[in-house]
Amino acid sequence: MTITSERAAPAAGSPPPANPVSTVPPARWDRRWWAIAAAAVIGSSVVAAGIDPTEIFNPPGRVQVSKFFAAMVRPDLSREMLTLTARESAVTVSYALLGSALALVIGLVGGVLLTERVWSPQHGPMAGGGRAGWGVSRVVFAVPRSMHEVVFGLLLVNILGLNPLVAVLALGIPYGAVTAKVFAELLDDVPRDAELTLRATGAGRLTAFAFGTVPQAISDLLSYAFYRFECALRGAAVLGIIGAGGLGFQLALSFQSLRYEEMWTLLWALILLSGVADRWSSAVRRRRNALVAEARLDAVDGHAATGAGSTAEGEASTGARSEPRSDRFLQVSALICAAGVPVAWWWLDLDVTSLWDDRARLLTTELVEDAWPPQIGDGGWWRLFTDSLNTIALAVLALGLSFAVSSPLSFLARRPDPRDRGPAAGVRLVGAWLLRFVLLIARSVPPPVWALIVVFVVFPGLWPAAIALAIYNTGVLGRLKGEVLENHDPRPARQLVASGATAAGALTFATVPSVAGRFVALGLYRWEVMVRETVIVGTVGAAGLGLRLDQQASNFDYDGLLATIGALFAVTLLVDFTSAAVRRTLR
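Along every chain, residues carry numbers that run from 1 in the direction the sequence is written. With pLDDT at 70 or above as the cut-off, local features in this predicted model cover only qualifying residues; side-chain atom pairs require 80 or more to be listed or tallied, and sums for whole chains, interfaces and linings still use all residues. Side-chain measures were taken over the full set of non-hydrogen atoms in the model, leaving aside hydrogen atoms and water.

**Describing the packing of helix 7 (residues 149-160) against helix 15 (residues 358-371)**
Note on definitions: angles span 0 to 180 degrees between N-to-C directions of axes, and those axes are lines fitted to C-alpha atoms, for helices only across the stretch in contact. What counts as a helix is a DSSP run of H or I of at least four residues, what counts as a strand is a run of E of at least two, and both are numbered from the N terminus. At a minimum axis distance of 8 Å, the contact between helix 7 and helix 15 shows a crossing angle of 130 degrees. With respect to helix 15, the element helix 7 is oriented oblique. In this structure, helix 7 uses Leu-155, Asn-158, Ile-159 and Leu-160 to contact helix 15, whose residues at the interface are Arg-359, Ala-360, Leu-363, Thr-364 and Leu-367. Residue type decides the class: Asp, Glu, Lys and Arg count as charged, Ala, Val, Leu, Ile, Met, Phe, Trp, Tyr, Cys and Pro as nonpolar, and the leftover types, Gly among them, as polar. In terms of residue class, the contact of helix 7 with helix 15 is made up of six nonpolar, two polar and one charged. Angles below 35 degrees are treated as roughly parallel, those above 145 as roughly antiparallel, those between 65 and 115 as roughly perpendicular, and all remaining angles as oblique. In this analysis, two residues are considered to be in contact whenever any of their non-hydrogen atoms come within 4.5 Å of each other.

The structure is reproduced here in structure tokens:
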């Protein structure tokens with residue numbers, strides 16, 4: 001019996017297959033099994049965290065939480081506090097800008113090394129040395145990608161002290177590894193026609209790749225570079241909490257004395273910076289994509305005019321727009337970025353010679369000697385294994401909570417159809433902007449701050465850490481899902497409404513099915529990130545690798561710290577491969 005292919009279409013008028021079961025695409029079964037596995041993992045994670053409310057919630061702590069949010073509308077606006085906030089904001093932006101620049105350099109180099117097509121021959125898949133080179137590159141970049149910037153910061157502080165280079169390197173190295181992976185995936189998704197044409201004319205692999213593939217991916221690479229700058233702003237604030245300076249450091253000092261008014265002055269500055277970066281990067285992406293779309297339309301019009309048989313008319317129709325239209329906003333943005341790097345370097349007064357001076361070499365040698373060989377420590381392999389399972393459970397709980405909350409919020413927070421008019425449309429617009437502002441606050445406040453607030457009302461354990469990560473990632477996922485909805489084709493839903501369906505019916509049967517795959521893919525991407533983020537909420541987790549890392553760093557237990565980092569690397573790889581397998585079933 002011949003089994004019908006997933007993409008094969010039966011001939012017109014042909015009867016349905018005799019055995020309908022044989023035509024079910026294997027991917028559908030895969031999705032069902034993944035759904036069952038996901039439900040089982042979430043259920044076991046909930047059980048591991050605890051299900052007894054009396055052992056989870058701490059009602060008396062609501063007083064401190066109320067005081068914290070009450071200070072939100074009355075921050076400290078004294079001259080001294082505003083001056084301090086402005087100065088530390090400049091430090092945070094400088095860290096983010098220089099860290100993003102370093103990450104971009106590493107990402108460009110690593111993106112080339114991690115692409116499959118650079119290691120593959122002109123025809124056919126990778127083999128032999130190409131596969132080995134690609135595999136080595138993946139492993140090399142997977143190591144820093146599995147480590148949170150706080151871990152890098154803790155290690156670098158022991159070598160460089162409280163040096164601004166610590167924050168720049170702690171942001172640039174792991175972010176660069178993440179950027180390299182994303183760049184490689186973007187480059188591998190580009191059609192190979194132009195590259196193969198250049199290869200056929202005698203161009204080398206790198207030459208064909210640089211001139212045939214990279215130009216087609218510039219828009220996507222640029223978009224992600226600006227998104228990475230947004231992440232760097234939040235990362236710089238987190239690094240400040242461990243002593244690197246900036247807004248995060250001042251937040252930690254204010255929280256120690258429970259000065260909530262001062263905290264909210266600093267938090268409003270961070271929210272403002274995040275909002276500006278958010279709007280700026282969105283505008284850059286939108287304008288860049290509009291230019292690319294216009295250039296493609298011009299190319300299609302030019303080909304159509306030429307194909308019509310009138311060369312003169314074709315030249316006349318395309319001559320007026322033969323030069324690509326420039327965008328002053330994009331030019332100014334590029335100028336600001338180019339000028340911002342040396343200005344940030346000057347503001348922080350960086351001295352790169354401290355990386356290789358005698359003191360740094362001596363401290364590096366001592367750190368390596370103290371950390372090698374790694375030691376499992378108390379509890380042996382079993383405790384390390386259970387801490388790894390708790391880390392996975394923590395990330396699963398955070399993902400489940402943030403995904404469940406961000407999905408409906410993203411629908412409510414998306415911009416209404418500009419063609420809608422009337423009071424109802426105005427109410428929806430105001431509601432959408434309010435929700436977008438709430439999501440901005442959720443992702444602007446660093447996860448350690450959310451964790452310290454949540455632990456007032458939730459006893460230490462997996463739940464406060466999971467809730468803190470869920471609040472933060474609800475803001476991130478809400479924004480990313482909102483972009484998916486805004487870029488979604490609304491015509492199928494409009495057609496259903498025009499045919500008599502209700503707005504809820506059109507949403508249920510047209511919009512939700514078409515964006516569900518993208519939503520799940522975004523959730524899986526954030527799951528990988530959440531595994532690393534468990535490190536920065538470990539102090540309230542009372543379990544997992546994050547708490548273990550915090551205790552070992554406090555006790556200068558570097559050989560144990562190295563073993564824990566190795567376990568975190570293994571967990572990250574496991575989650576990475578699992579999410580990649582699930583994403584393949586969504587394509």
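Moving on from the model shown.
**So, empty space enclosed by the protein**
Site definitions follow a grid-based scheme: protein atoms alone, a 1 Å grid, a 1.4 Å probe that fits but cannot get out for cavities, and for pockets an open set with protein on both sides within 12 Å along at least five of seven lines, plus lining residues having an atom within 4 Å of a point. Grid points are joined across faces, edges and corners, and a volume is the space filled by probe spheres set on the points. This model, assessed by the stated rule, comprises two cavities of 30 Å³ or more. Empty space within the largest cavity amounts to approximately 290 Å³. Together, 22 residues line the largest cavity, and Glu-149, Tyr-175, Arg-228, Val-529 and Glu-533 are the ones closest to its centre. The set of elements that each furnish at least two residues to the lining of the largest cavity consists of helix 8 (164-188), helix 10 (205-244), helix 19 (462-486) and helix 21 (503-533). Top element by residues in the lining of the largest cavity is helix 10. It accounts for six residues. Taken together, the residues of the lining of the largest cavity break down into 13 nonpolar, two polar and seven charged. Here the second largest cavity is characterised by a volume of approximately 30 Å³. Forming the boundary of the second largest cavity are Tyr-227, Glu-230, Arg-234, Arg-443, Val-476, Arg-479 and Leu-480.

**As for the packing of aromatic side chains**
Between two aromatic rings, the relevant description is the distance of the centres plus the angle of the planes. Each Phe, Tyr or Trp ring, with Trp reduced to its six-membered ring, pairs with another whose centre is within 6.5 Å; inter-plane angles below 30 degrees give stacked pairs, above 60 give edge-to-face pairs, and intermediate values give tilted ones. Following the criterion strictly, the structure yields ten aromatic pairs and no others. Ring plane angle 35 degrees and centroid distance 5.7 Å describe the contact between Trp-382 and Phe-385, whose orientation is recorded as tilted. Here Phe-385 and Trp-382 lie together in helix 16 (residues 380-413), a separation of three residues that amounts to about one turn. Accessible area is worked out with a 1.4 Å probe on protein chains only. A residue is then buried under 20% of its type maximum, exposed over 50%, and partly exposed in between. Taking relative accessible area as the criterion, Trp-382 reaches 61% and is therefore assigned exposed.

**Concerning the confidence of the model for the protein chain**
pLDDT expresses how confident the predictor is about each individual residue, on a scale running from 0 to 100. The pLDDT averaged across the protein chain works out to 78; a share of 83% of its residues lies at or above 70. Taken element by element, the predicted model of the protein chain shows its lowest mean pLDDT in helix 13 (residues 311-319) (44) and its highest in helix 4 (residues 79-114) (90). Across residues 1-28, where pLDDT falls below 50, the model places eight contacts with residues more than four positions away in sequence or in other chains. Here residues 310-324 scores under 50 on pLDDT; set against residues more than four positions off or in separate chains, the count is nine contacts.

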